[in-house]
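This is what each chain is made of:
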Amino acid sequence: MNATQSSRHRRVGDSPAIKWLLIGTAVAVAIALLIMPLLVIFVEALGAGWGTLADNLTDQYTLHAIGLTLFVAALTVPLNLVFGTALAWLVTRFRFPGRKLLITLIDIPFAVSPVVAGLLYLLLYGRNGWVGSWLADHDMQLMFSWPGIVMVTVFVTCPFVARELIPLMQQQGSEEEEAGVVLGASGWRIFRTITLPNIKWALIYGVVLTNARAVGEFGAVSVVSGNIRGQTNTLPLHVELLYQDYNIVGAFASASLLAGIAVFTLAVKGFVEWRQTRTLNRLQTEEAA
Amino acid sequence: MTITVDGINKRFGQFQALNNVSLNIPEGKLTALLGPSDSGKTTLLRIIAGLESADSGQVAFSGKDVTKLHVRDRNIGFVFQHYALFRHMTVAQNIAFGLESLPRKQRPPKSEIQKRVSELLEMIQLPHLAQRFPAQLSGGQKQRVALARSIATRPKILLLDEPFGALDAKVRKDLRRWLRNLHDEFHFTSIFVTHDQEEALELSDQVVVMSQGNVEQVNEPTELYARPDSRFVFDFLGQVNVLSGELKHGSLSQGNARVTLPGIQHQGNAQLYLRPHEVRLATVPAEHANLPLRIEAVSLIGSEVRVELRPEGWASEGSDNIWEVGISHAEFNDQRPARGDLRYAVPEVGHLFTGKDTQPETVSWAEADSFPRVRLIN
């Protein structure tokens, strides 16, 4: 009797054998594919001691690469912050023909390989490109210099903020904003005191993801930058360059920097995600009530 | 402030939400916009507020055209169905929002705003919840905060979109009474949208019945209930019993059922509409009516006993072929009607619809009644 009762209470997936098999597989895969490589980076970077690591990081070209990478991220993030917020506002607060199409189009940078994106920019804005040849006549160069790097980085990272905001803003609806207008608030006041606080955490999450991708982007940037050491070399490109020069320790030193940024980003992302699920859960319980 | 709506049309794609609607909302009165879903009542309210724009037509406040005036500048109070409280602001901040949004010149000083907020909190009896967030309030409390917020800037017009729709029955009744008192005290010109006919009839000074984007009828609640213009209004305003049949020589009949209609000349198809309280039940047919019915259910809940009956040898139109008759508890104790018993409906007052779009003729059998009703005095 007892046995049948306990078996009736057993739910799908409750079998201990299956449970531990799944957990074991997941842990093994995570160690082999994620944790080991990450550890190797730091071990290799520190293989020749802290002094060498410091020397490698303060190398003239490395410092320039770090500077350029941060500069590109510093331009990309605010641009996409404004663009993503405006886009999310547009598709969640207005009804117009082609709205669904626009929501799908936002995902193009996710669907297209970054190398292809870089090539397209090169063909369009390069010296022989449609737009590029006109720009060259006016003494403006976009490709193989920092503006080109910023352009492709903006392209590759533009969906992150909008993608985070759209579902949240859809769920929250526009009633609060309507209430604000009826109460006489100006558009800017509504955005600042009603909309922004409601989407704050999703916005931060989107920024964190945008920043991580902007710092780490390789494919698209490598096509349009021209890899000029000390001029158009970003940190990911610098890692590859050092590696090809057989400067393994130098490559790992720079790579450890990127990995460090990634780990830090993950920590911030985890925190923001936790805050956000809390808000969403509260929203849902409110709706259910 | 009076509100005048003139020739409003509104279309959402293929759907005609409002069809040439014109209305007069008298000053200081509480008006209900009543109708089933998709009748256009909420759309009309939002157009009056300025949250939606009409395709054509005009809205005027006290004769002044406000059609082109932005909602921000109309100075109205609006209460949303789902409260729309600012979720990251406290109750006090929510109520203060309208005052703090006033242009710098009209904005009262901080101390004055605080004073006004605490007065309003006092008025909605929630001063102890000033520092709470909306998520920590019950539905009824949220709605009261939403009301306080909407009247903080002392608007002359108060618009409410299904204000009690999301609340349970008990809270709803309390809030209704409270809103009525509030309205009487502040003399707003108020409009509220509802699909609940009881709420509309009980709470308002004037009811606007809407259906499919048209205004069906406008009248005071008692008049509206006593004299509906159309079959739709009749059906919508509470339970109705229908005998649909052939009218010949002043007698309406269908199957076993027959009702004599004194003074009616019309011949052909006709429907007799009877309210549950306009019919009584007898154990034998009356001289002027033979309407045999068998009792299906008896409900003792409420101030009246509700008897549901199924026509015997004829059929009723609509309402699942069920007639409903209300009798007093005293009458019930006297007669003890039970499920399965046969009874005869005796109409006292009825409303006869003949043509397609004609108004009903009210028929009374008070004198023709051969079984004078014994009024029981409690």
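Draft legend 1. Layout of the overall build of chain A. Of regular secondary structure, chain A possesses 15 helices and zero strands. In terms of overall dimensions, chain A is more spread out than a globule: its C-alpha atoms have a radius of gyration of 24 Å, far above the 19 Å expected for 289 residues. Expressed as lengths along the three principal axes of its C-alpha atoms, the size of chain A is roughly 75 × 60 × 30 Å. Of all 289 residues assigned to chain A, the portion counted as buried reaches 39%. Partitioning the contacts of chain A with sequence separation of at least 6, the portion at a separation of at least 24 is 73%.

Draft legend 2. Just helix H4 (residues 139–151) of chain B, in detail. Residues and elements named next belong to chain B. In this model H4 runs 19 Å from its N-terminal to its C-terminal C-alpha over 13 residues, within 8% of the 18 Å that 1.5 Å per residue would give. Summarising burial for H4: 11 of the 13 residues are buried, a large majority. Considered for burial, the residues of H4 that qualify are Gly140, Lys142, Gln143, Arg144, Val145, Ala146, Leu147, Ala148, Arg149, Ser150 and Ile151.

Draft legend 3. Local environment of unusual backbone geometry. Residue and element names in this part refer to chain B. Here the phi dihedral of Arg154 falls at roughly 55°; this positive angle occurs in a residue that is not glycine. For Arg154, the position within the fold is in the loop between H4 and strand S7 (157–161). Taking the relative accessible area as the measure of exposure, Arg154 reaches 53% and is therefore exposed. Of note in the backbone geometry, Gln212 takes a positive phi value of approximately 50° without being a glycine. A residue is classified by how much of its surface remains accessible, and Gln212, at 65% relative accessible area, is exposed.

Draft legend 4. Representation of the environment of Ser133(A) in the model. All names here are of chain A. Relative to the elements of secondary structure, Ser133 occurs in helix H8 (residues 130–137). Residue class for Ser133 comes out partly exposed when judged on its relative accessible area of 29%. Along the primary structure Ser133 and Ala267 are separated by 134 residues, whereas in three dimensions their C-alpha atoms are 45 Å apart. If near-sequence neighbours (up to four positions away) are discounted, Ser133 is found in contact with Gly126 and Arg127.

Draft legend 5. Structural detail: the sheet that holds strand S20 (residues 342–347) of chain B. All names here are of chain B. Taken in spatial order, the five strands make up an open sheet running S15-S20-S17-S18-S19, and their pairing is antiparallel. For this open sheet the edge positions go to strand S15 (279–282) and strand S19 (323–327), each flanked by a neighbour on one side alone. The sheet shows a mean angle of 45° between the axes of neighbouring strands, taken without regard to direction. Bridge analysis of strand S17 (residues 292–299) against strand S18 (residues 305–311) gives six bridges, and the strand direction is antiparallel. When the bridges of S18 are listed, Leu293 appears paired with Pro311.

Draft legend 6. Quick look at the domain arrangement of chain B. All names here are of chain B. With domains assigned, chain B is organised as domain 1 (3–231) and domain 2 (239–364). On a C-alpha basis, the centres of domain 1 and domain 2 stand 39 Å from each other. Each side of the interface is counted separately: domain 1 has six residues, and domain 2 has 12 residues. Together, the buried faces of domain 1 and domain 2 total about 740 Å²; carbon and sulfur atoms form 42% of this surface. The largest per-residue losses of area from domain 1 upon contact with domain 2 belong to Tyr225, Asp229 and Arg231, which jointly make up 76% of the total buried on that side. The interface formed by domain 1 and domain 2 includes zero salt bridges. In this assembly, domain 1 and domain 2 are joined by one residue pair in polar contact (both at pLDDT 80 or more).

Draft legend 7. A look at the nonpolar core. The biggest cluster of nonpolar side chains holds 46 residues, and the ones touching the most others in it are Ile95(B), Ile124(B), Val145(B) and Leu147(B). Ignoring sequence-local partners within four residues, the contact set of Val145(B) consists of Leu85(B), Val91(B), Asn94(B), Ile95(B), Ile124(B), Leu126(B) and Leu137(B).

Draft legend 8. Main features of the confidence of the model for chain B. In this model, chain B carries an average pLDDT of 88, and 96% of its residues clear a pLDDT of 70 or more. Low pLDDT, under 50, characterises residues 368–378 of chain B; the predicted model gives this stretch 14 contacts beyond four residues in sequence or across chains.

Draft legend 9. Geometry of the interface of chain A and chain B. Facing 21 residues of chain A, the contacting portion of chain B comprises 24 residues. Inspection of the region where chain A meets chain B yields two salt bridges. If you look at where chain A meets chain B, you find seven residue pairs in polar contact (both at pLDDT 80 or more). Secondary structure elements with two or more residues in the side of chain A that touches chain B: helix H11 (175–182), helix H12 (187–216) and helix H15 (248–288) of chain A. The biggest single contributor to the side of chain A that touches chain B is H11(A), with seven residues. Residues belonging to the side of chain A that touches chain B are distributed by class as follows: eight nonpolar, seven polar and six charged.

Draft legend 10. A look at the packing of aromatic side chains. For the structure on display, the rule yields 16 aromatic pairs over all chains. Between Trp201(A) and Phe271(A), the aromatic rings sit 6.0 Å apart at their centres with planes inclined by 80°, giving edge-to-face as the arrangement. Residue Trp201(A) is found in helix H12, and its partner Phe271(A) is found in helix H15; the two are separated by 70 residues along the sequence. Measuring from ring centre to ring centre gives 5.0 Å for Phe234(B) and Tyr273(B), while their planes differ by 55°; the resulting arrangement is tilted. Note that Phe234(B) is positioned in helix H8 (residues 231–236) and Tyr273(B) in strand S14 (residues 268–274), a separation of 39 residues in sequence. For Tyr273(B), a relative accessible area of 3% corresponds to the buried category. Through a chain of ring-to-ring contacts, the aromatic side chains of Trp89(A), Trp188(A) and Phe191(A) assemble into a single cluster. Of note, Arg149(B) hangs over the ring of Phe86(B), and the distance from its end group to the ring centre comes to 4.5 Å. Positioned over the ring face of Tyr225(B) is Arg275(B), at 4.4 Å from the centre of the ring.

Draft legend 11. Fine view of the sheet that holds strand S12 (residues 251–254) of chain B. Residue and element names in this part refer to chain B. Taken in spatial order, the seven strands make up an open sheet running S16-S13-S12-S11-S14-S21-S22, and their pairing is antiparallel. Here the strands that pair on one side only, and so sit at the sheet edges, are strand S16 (289–290) and strand S22 (361–364). Summarising the sheet, strand S13 (residues 257–260) and S16 pair through two bridges and their orientation is antiparallel. Paired with Val259 across the strands is Ala289, a residue of S16.

Draft legend 12. Main features of the pattern of salt bridges. Residues and elements named next belong to chain B. Counted by the stated rule, this structure contains 23 salt bridges over all chains. For Glu162, the salt bridge goes to Lys41, with nearest N and O atoms at 3.8 Å. Taken together, the residues span a long stretch of sequence, with Glu162 in the loop between S7 and helix H5 (169–186) and Lys41 in helix H1 (residues 41–49) at a distance of 121 residues. Across the pair Arg176 and Glu199 runs a salt bridge, and its minimum N-O distance is 3.8 Å. One end of the pair, Arg176, is in helix H5; the other, Glu199, is in helix H6 (residues 197–203), and 23 residues separate them in sequence. Because the salt bridges share partners, they merge into one network encompassing Arg172, Arg176, Asp196, Glu199 and Glu202.

Rules of the game
- Residues numbered from 1 in each chain as written.
- Chains lettered and ligands numbered in written order.
- Predicted model: local features only at pLDDT ≥ 70, side-chain atom pairs only at ≥ 80, totals over all residues.
- Heavy atoms only, no water.
- Helix = DSSP H or I, 4+ residues; strand = E, 2+ residues; numbered from the N terminus.
- Rg over C-alpha atoms; globule rule 2.2 N^0.38 Å.
- Buried < 20%, exposed > 50% of the residue type's maximum accessible area, 1.4 Å probe, protein only.
- Contact = heavy atoms within 4.5 Å.
- Expected span 1.5 Å × (residues − 1).
- Pairing = 2+ DSSP bridges.
- Axes fitted to C-alpha atoms, helices over the stretch in contact; angles between N-to-C directions.
- Domains from an automatic or database assignment.
- Buried area = accessible area lost by both parts, 1.4 Å probe.
- Salt bridge = Lys/Arg side-chain N within 4 Å of Asp/Glu carboxyl O.
- Polar contact = N/O pair within 3.5 Å; in protein donor to acceptor, adjacent residues only side chain to side chain.
- Core = buried A, V, L, I, M, F, W, Y, C linked by side-chain atoms within 4.5 Å.
- pLDDT = per-residue confidence, 0-100.
- Nonpolar A, V, L, I, M, F, W, Y, C, P; charged D, E, K, R; others polar.
- Phe/Tyr/Trp six-rings, centres within 6.5 Å; stacked < 30°, edge-to-face > 60°.
- Lys NZ or Arg CZ within 6 Å of the ring centre and 35° of its normal.

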